[in-house]
Amino acid sequence: ELYPVESGGGSVQAGGTMTVSCKVDEWDFRSVCLAWFRQAPGKAREGVAAIDTDGSVKYADSVKDRFTLSRDNGGKTAYLQMNSLKSEDTAMYYCAADRPFSCTYRDAGQYSYWGQGTQVSVSQ
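The residue numbering used here restarts from 1 in each chain and proceeds along that chain's sequence as written. Thresholds applied to this predicted model are a pLDDT of at least 70 for local features of residues and 80 or more for the giving and counting of side-chain atom pairs; totals over whole chains, interfaces and linings are not thresholded and use all residues. The basis for every side-chain value is the complete set of heavy atoms in the structure, and neither hydrogens nor water enter the calculation.

Trainee: Before we go on, may I ask you to explain the pairing of strand 11 (residues 118-123) in this structure?
Mentor: The two faces of a sheet get side chains in turn, since along a regular strand they alternate between them. Every second residue of strand 11 is oriented toward a common face, the buried set being Thr118, Val120 and Val122 and the non-buried set Gln119, Ser121 and Ser123. DSSP bridges decide pairing: two strands pair if at least two such bridges lie between them. Secondary structure is summarised from DSSP: a helix means a run of H or I of at least four residues, a strand means a run of E of at least two, and numbering begins at the N terminus for each. Both strand 2 (residues 10-13) and strand 11 contribute to a ladder of 4 bridges, which runs parallel. Each bridged residue has a counterpart across the sheet, and for Val12 the counterpart in strand 11 is Val122. The pairing of strand 9 (residues 91-98) with strand 11 spans 3 bridges and is classified as antiparallel. Residue exposure (1.4 Å probe, protein chains only): buried if accessible area is under 20% of the type maximum, exposed if over 50%, otherwise partly exposed.

Put into structure tokens, the structure is as follows:
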């Protein structure tokens, strides 16, 4: 099993920047696909971004051009840098990890391993 652990959440003003992290202490971290999902109160779970084993990244339209997802294989960590934050970005952010056929943010069902989440609150 994989055990993603998120960190770095908190409160920030609209327009600001915040980075959340996802560490997966797996010996073969390089082979792991990582994705971020988020869920705000009263809203459905929403895919944010996913990064494949080769470093290829896909972003949801709602965060494209504002968020940057990267991975540090040596540190076994994925980083989601969030720029130009908006109040609508407020949510619990969850990291998911697995080795699916398709590394995607579109289908949460592809992932069996999830972190506990980290809260991101954006005030305006």
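After presenting the structure, the write-up continues.
Trainee: Which parts of the structure should I look at to understand the side chain of Arg71?
Mentor: With respect to the secondary-structure elements, Arg71 resides in strand 7 (residues 67-72). Polar contacts involving the side chain of Arg71 include one to the main-chain carbonyl oxygen of Val32, which spans 2.8 Å. There is a polar contact of 2.9 Å between the side chain of Arg71 and the side chain of Asn73. Excluding its chain neighbours within four sequence positions, the residues that come into contact with Arg71 are Phe29, Arg30, Val32, Leu34, Ile51, Asp52, Thr53, Thr77 and Ala78. Within 3.5 Å is the distance limit for a polar contact, defined as a pair of N or O atoms, with the added protein rule that one can donate a hydrogen and the other accept it, and that residues adjacent in sequence qualify only through two side-chain atoms. Residue contacts follow a heavy-atom distance rule, with two residues in contact if any of their heavy atoms lie within 4.5 Å.

Trainee: Whenever I open this one, the environment of Val57 confuses me. Can you help?
Mentor: Along the polypeptide, Val57 turns up in strand 6 (residues 57-59). In this structure the C-alpha to C-alpha distance between Val57 and Lys76, which are 19 residues apart in sequence, comes to 17 Å.

Trainee: Just to check I follow, could you spell out the pattern of salt bridges for this structure?
Mentor: What makes a salt bridge here is a side-chain nitrogen of Lys or Arg within 4 Å of a carboxyl oxygen of Asp or Glu, nothing more. In total, this model carries 5 salt bridges according to the counting rule given. A salt bridge links Glu26 to Arg99, with the nearest nitrogen and oxygen atoms 3.1 Å apart. Highlighted residues: Glu26 in the loop between strand 3 (18-24) and strand 4 (33-39) and Arg99 in the loop between strand 9 and strand 10 (113-114), separated in sequence by 73 residues. Judged by its relative accessible area of 12%, Glu26 is buried. Connected through shared salt-bridge partners, Arg38, Glu46, Arg66 and Asp89 make up one network.

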